[in-house]
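Structural characterization, general
Listed below are the residues making up each chain.
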Amino acid sequence: MTVMLFLSQLLNGLLDGFYYLLIALGLSMIFSLGGIVNLAHGAFFAIGAYAAFVLTPYIGFFGALIMGPLLVAALGMLVERGLFTRFYRIDPIYSLLLTFGLAMIIEQALRWYFGASPKAYSMPDILRGQVFVADFIYSRYRIFLIGVAVAAVGALWLLLNRTAFGRIVRAGIQNPEILGTLGISLRPYLSAVAAIAIGLAGLAGVLLAPLYPVHPSMGAEVVTAAFVVVVIGGLGSFWGVVWSALLVGVVKGTMIGLGLSSYSMLAIYLLMFVVLLLRPRGLMGERITRFE
């Protein structure tokens, strides 16, 4: 095992951490603001991948990279308006059951329409090939994926911390009753947050479509890891989820780089266990009045 190969595997682990991050941030936002445990988040990830598969022949990869997440975000807003609104402010176990059923429906609908066999999706020619830095070689598309993920997370941070919209959302997470006394309704913000959160899952699906086979159950394979990231980072903490995703990616990449790929997911679950044992709120979890 050479040093360069180890570094390549470590960077691949960080790549996994970045797309876990796109999904985990959405999970954290929806639960923190509305108390919805969205087990269907992985299904929206799969819809994003299939959107890329369908749209690319007509508008190209970069067009699909824009339109795919927007369509998934619009679908997320419809789901929020039609389903999630009935489950705010009640025991999260009910939303968990709801979204589990929704995930099954979406998965079976994708299987019925597209078939159960995986679909091959080719990356654009402009992003093919390798990047050489001295003796280090890495995929050009994977570097592009990391760049898009960083840009999306940065844009979300600016939205939440530098705009009036973000200030209201953060206030709604901490103490929604105060907003009510000020005459501010959270309803439109709940819809917007659901659209953004689910749109991020769709973006992750589009980005991952050229790297992994596109199939109906692909969302179930990533949503568990995304929940682990949320638990480790802590609900209500933007940076907690960010650092947790990177930590999970480093742990996974290190295990694979050491030739222990079969134990990589076990290492992530052990990390979650240790964090929960020492700090149940997560590494940077904040106190959320509604749930304590």
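Each remark here, short or long, concerns the structure printed above.
The following refers to the structure shown. (Residues numbered from 1 in each chain as written. Predicted model: local features only at pLDDT ≥ 70, side-chain atom pairs only at ≥ 80, totals over all residues. Heavy atoms only, no water.)

**Some points on the packing of aromatic side chains**
What counts here: In summary, the pairing rule links any two rings of Phe, Tyr or Trp, Trp by its six-membered ring, whose centres are within 6.5 Å, and it sorts them by plane angle into stacked for under 30 degrees, edge-to-face for over 60 and tilted for everything else. Elements are defined by DSSP. Helices are runs of H or I of four residues or more, strands are runs of E of two residues or more, and each kind is numbered from the N terminus.
Enumeration according to the criterion identifies 14 aromatic pairs in this entry. Relative to Tyr-212, the ring of Tyr-19 lies with its centre 6.4 Å away and its plane at 65°, an arrangement referred to as edge-to-face. One end of the pair, Tyr-19, is in helix α1 (residues 3-34); the other, Tyr-212, is in the loop between α7 (187-208) and α8 (218-233), and 193 residues separate them in sequence. Where Trp-157 meets Trp-239, the ring centres are 6.5 Å apart and the plane angle is 50°; that geometry is what we call tilted.

**Overview of the pattern of salt bridges**
Stated precisely, the cut-off is as follows: Only one rule defines a salt bridge in this text: a Lys or Arg side-chain nitrogen within 4 Å of an Asp or Glu carboxyl oxygen. Using a 1.4 Å probe on the protein chains alone, a residue whose accessible area is under 20% of its type maximum counts as buried, one over 50% counts as exposed, and one in between counts as partly exposed.
Inspection of the entire model under this criterion finds 5 salt bridges. A salt bridge links Glu-107 to Arg-111, with the shortest nitrogen-to-oxygen separation between them at 3.4 Å. Residue Glu-107 and its partner Arg-111 are located together in helix α3 (residues 92-114), separated by 4 residues, close to a single helical turn. Since its relative accessible area comes to 15%, Glu-107 is described here as buried. Accessibility expressed as a relative area gives 26% for Arg-111, which makes it partly exposed. Within the structure, one salt-bridge network assembled from shared partners comprises Glu-80, Arg-81 and Arg-187.

**So, helix α2 (residues 41-82)**
Short version of the rule: Take the number of residues in a helix, subtract one, and multiply by 1.5 Å to get its expected span. One axis fitted to the seven residues ending at a residue, another fitted to the seven starting there: the angle between these axes is the bend at that residue.
Taking 1.5 Å per residue, 42 residues should reach 62 Å; α2 reaches only 16 Å between its end C-alpha atoms and comes up short. Roughly 125° is the biggest bend found in α2, and it falls at Ile-59.

**Regarding the environment of Thr-85**
Threshold: Contacts: residue pairs with any heavy atoms within 4.5 Å of one another. Two N or O atoms count as a polar contact when they lie within 3.5 Å, although within protein this holds only if one can serve as hydrogen donor and the other as acceptor, and sequence-adjacent residues are included solely when both atoms are side-chain atoms.
Looking at where Thr-85 falls in the secondary structure, it is placed in the loop between α2 and α3. Once residues within four sequence positions are removed from consideration, Thr-85 is found in contact with Glu-80 and Arg-187. Engagement of the side chain of Thr-85 in a polar contact is seen with the backbone oxygen of Arg-81, the distance being 3.1 Å.

**Examining α7**
The end-to-end C-alpha separation of α7 is 32 Å, in line with the 32 Å expected for 22 residues at 1.5 Å each. Taken across its 22 residues, α7 has 19 buried, putting it largely inside the fold.

**Digging into the environment of Val-248**
With respect to the helices, strands and loops of the structure, Val-248 is situated in helix α9 (residues 238-257). For the pair Val-248 and Ile-268, spaced 20 residues apart in sequence, the C-alpha to C-alpha distance is 6.2 Å.

**Points about the packing of α2 against α7**
Put simply, the rule is: Throughout, an axis means a line fitted to C-alpha atoms (over the contacting stretch in the case of helices), and angles, computed between N-to-C directions, take values from 0 to 180 degrees. It is the rotation of the near helix from the far one that decides the hand of a crossing: anticlockwise by less than a right angle makes it left-handed, clockwise makes it right-handed. Classification convention: Asp, Glu, Lys, Arg as charged; Ala, Val, Leu, Ile, Met, Phe, Trp, Tyr, Cys, Pro as nonpolar; all other residues, Gly among them, as polar.
It is the contact of α2 with α7, at a shortest axis distance of 7 Å, that shows an interaxial angle of 145°. In this structure, α2 meets α7 at a crossing whose hand is right-handed. Among the residues forming the contact of α2 with α7, the class breakdown is 22 nonpolar, 8 polar and 3 charged.

**Overview of the side chain of Asn-38**
Within the element layout of this structure, Asn-38 appears in the loop between α1 and α2. You can call Asn-38 buried: its relative accessible area is 2%. Looking at Asn-38, its side chain comes within polar contact range of the main-chain nitrogen of Ala-40, at 3.1 Å. Polar contacts involving the side chain of Asn-38 include one to the side chain of His-41, which spans 3.0 Å. Asn-38 has contacts with Leu-27, Ile-30, Phe-44, Phe-84, Thr-99, Ile-198 and Phe-227, leaving out every residue within four places of it along the chain.

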